Amino acid sequence: MAILCRNLNLLYVQVPATGCSVVGQILKKQFDGEDVGRKHDDVPRLLASGVLSSSEVERLLVVANVRNPFDRLVTYYQRLNGVWIDEYFAFRRRDLERRRQREGLSEADVEREQQRIEREEKRKRRRVRIIRGIGFNTWVVWAVLRRRLGDRKPVHSDGPRFLNHLFPMLEKVNVVLRQEQLEVGLNAVLQHQGVTGPVHLPRKNLTPGKRAYTEYYNTFSRRLIEHLYAAELEYMGYTFDGCRITMPMRWLGSAGTGSGVAAPVPGRES
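Residues numbered from 1 in each chain as written. Predicted model: local features only at pLDDT ≥ 70, side-chain atom pairs only at ≥ 80, totals over all residues. Heavy atoms only, no water.

### Here's the deal with the packing of aromatic side chains
- Per the counting criterion, the structure on display carries 11 aromatic pairs.
- With 5.5 Å between their ring centres and 70 degrees between their planes, Phe136 and Tyr216 make a pair best called edge-to-face. Highlighted residues: Phe136 in helix α7 (residues 136–150) and Tyr216 in the loop between α9 (182–192) and α10 (219–228), separated in sequence by 80 residues.
- Both rings, one in Tyr217 and one in Phe240, keep their centres 5.5 Å apart while their planes meet at 90 degrees; by these two values the pair is edge-to-face. (Phe/Tyr/Trp six-rings, centres within 6.5 Å; stacked < 30°, edge-to-face > 60°. Helix = DSSP H or I, 4+ residues; strand = E, 2+ residues; numbered from the N terminus.)

In structure tokens:
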């Protein structure tokens, strides 16, 4: 779900593998944030489903996270590689039991859902075996080429043509927080929205078994991404080695259109 903080006039879009869960928890616990839509819905999906209207979005400061895409791709690979698969399906089964009690599901409904979970688990474990077999560099080259060559149309209205390939879910987002300086950026945005005291983010959701992301890439896979997405990396200020911009957030081209973004956030990039 996205997180809507009505009293802050703020909508937080949860982008996977960017530290979104810890920010979402803070917004819900300390600022009365409420879940809207599904967890990883972007703004166009929220609009299409009728969860929010265009006029509501225009009044909100829409915030999301970004992360060095070289690092994010490694995290995504580690998740596909099966490090979270046992935890994920244990959660699915616990959730089914809660639904049985809360919604009064029939035994037939529960059995059908259990079978569906088992089929999905088999598919995911089969995919894990394939991904482990081919290794990171083969996987990332295949994933990047498949996405880049298969998408001939612009996918983002602001910034470079293929921005969403490396930095997803940013359509209609006003300001992005860098995962590498997440607490600083979040506090600056909250201050802009009228919050006086600082917040502190716990360090959670570390990917099990993940090494430094720079250890995963060979020369070819690194150069391929740098070549195919030179404009996107330059636009967002990232390189293979890190971030060349020290500011903890960046305004996107859609910023400044609604009442929630009338003034710049402290530390705004030029």
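### What about the sheet that holds strand β3 (residues 34–36)?
- Strand order in the open sheet formed by six strands is β3-β1-β2-β4-β5-β8, and the pairing between neighbours is mixed. Both outer strands of the open sheet, β3 and β8 (249–251), are each paired with one neighbouring strand and no more. Mean inter-strand twist for the sheet, computed between neighbouring axes without regard to direction, equals 30 degrees.
- Where strand β4 (residues 61–66) meets strand β5 (residues 175–178), four bridges bridge the pair, whose relative direction is parallel. Counted as the bridge partner of Asn65 is Leu177 from β5.
- Taken strand by strand, α9 contacts β2 (10–13), β4, β5 and β8, and its axis lies near 145 degrees from that of β5. (Pairing = 2+ DSSP bridges. Axes fitted to C-alpha atoms, helices over the stretch in contact; angles between N-to-C directions. Contact = heavy atoms within 4.5 Å.)

### Things to note about the pairing of strand β1 (residues 2–5)
- The side-chain alternation of β1 yields two buried faces, one formed by Ala2 and Leu4 and the other by Ile3 and Cys5.
- Sheet topology places β1 next to β3; three bridges connect them, and they run antiparallel. Directly across from Ile3, in β3, lies its bridge partner Asp35.
- Pairing of β1 with β2, which is carried by three bridges, proceeds in the antiparallel orientation. Within β2, the residue paired with Ile3 across the bridge is Tyr12.
- As consecutive antiparallel partners, β1 and β2 are separated by four residues, and within that stretch Asn9 has a phi angle of approximately 60 degrees, a positive value. (Buried < 20%, exposed > 50% of the residue type's maximum accessible area, 1.4 Å probe, protein only.)

### As for a positive patch on the surface
- Together, Arg119, Arg123, Arg126 and Arg129 make up a positively charged patch on the protein surface.
- You can see Arg119 is positioned in helix α6 (residues 107–134).
- The exposure class of Arg119 is partly exposed, given its relative accessible area of 46%. (Patch = residues over 30% accessible without salt bridge, like charges linked within 9 Å, V, L, I, M, F, W, Y side chains within 5 Å. Areas by Shrake-Rupley, 256 points an atom, 1.4 Å probe, with all protein chains shown as cover. Salt bridge = Lys/Arg side-chain N within 4 Å of Asp/Glu carboxyl O. Lys, Arg positive; Asp, Glu negative; His and termini not counted. Charge placed at Lys NZ, Arg CZ, Asp CG, Glu CD.)

### Details of helix α1 (residues 20–31)
- Here α1 is 12 residues long and its end C-alpha atoms lie 16 Å apart, about the 16 Å a rise of 1.5 Å per residue gives.
- For α1, every residue scored as buried is listed here: Cys20, Ser21, Val22, Val23, Gly24, Ile26, Leu27 and Phe31.
- Of the surrounding secondary structure, the elements contacted by the buried residues of α1 are β1, β2, β4 and α9. (Expected span 1.5 Å × (residues − 1).)

### Describing unusual backbone geometry
- Even without glycine at this site, Asn9 takes up a positive phi of about 60 degrees.
- Mapped onto the fold, Asn9 is located in the loop between β1 and β2.
- The backbone phi angle of Ala17 is positive, close to 65 degrees, even though this residue is not glycine.

### Section: the layout of surface pockets
- Estimated volume of the second largest pocket: approximately 550 Å³.
- Along its surface, the second largest pocket is lined by 18 residues, and Leu73, Tyr76, Trp139, Ala143 and Arg147 are the ones closest to its centre.
- Of all elements in the fold, only α4 (69–80), α6, α7 and α8 (163–166) reach the threshold of two or more residues within the lining of the second largest pocket.
- A total of six residues in the lining of the second largest pocket trace back to one element, the largest contributor, which is α7.
- Of the residues contributing to the lining of the second largest pocket, the split by class is 12 nonpolar, two polar and four charged. (1 Å grid on protein atoms, 1.4 Å probe; cavity = no way out; pocket = protein on both sides within 12 Å on 5 of 7 lines; lining within 4 Å. Points joined across faces, edges and corners; volume = space filled by probe spheres on them. Nonpolar A, V, L, I, M, F, W, Y, C, P; charged D, E, K, R; others polar.)

### A look at the pairing of β5
- The side-chain alternation of β5 yields two buried faces, one formed by Val175 and Leu177 and the other by Val176 and Arg178.
- When β5 meets β8, the two strands line up antiparallel, connected through three bridges. By the bridge assignment for β8, Leu177 is matched with Met249.

### A closer look at the nonpolar core
- Counting residues in each nonpolar core, the largest one holds 46 residues, and the members touching the most others are Leu11, Leu170, Tyr217 and Met236.
- Phe31, Leu177, Leu182 and Val195 belong to the second largest nonpolar core, which has 25 residues in total. (Core = buried A, V, L, I, M, F, W, Y, C linked by side-chain atoms within 4.5 Å.)

### Comments concerning the environment of Thr239
- You can see Thr239 is positioned in strand β6 (residues 238–239).
- Linking Thr239 and Pro69, residues 170 residues apart in sequence, is a C-alpha distance of 8.8 Å.
- When sequence neighbours within four positions are dropped, the list of residues in contact with Thr239 reads Asn68 and Phe70.

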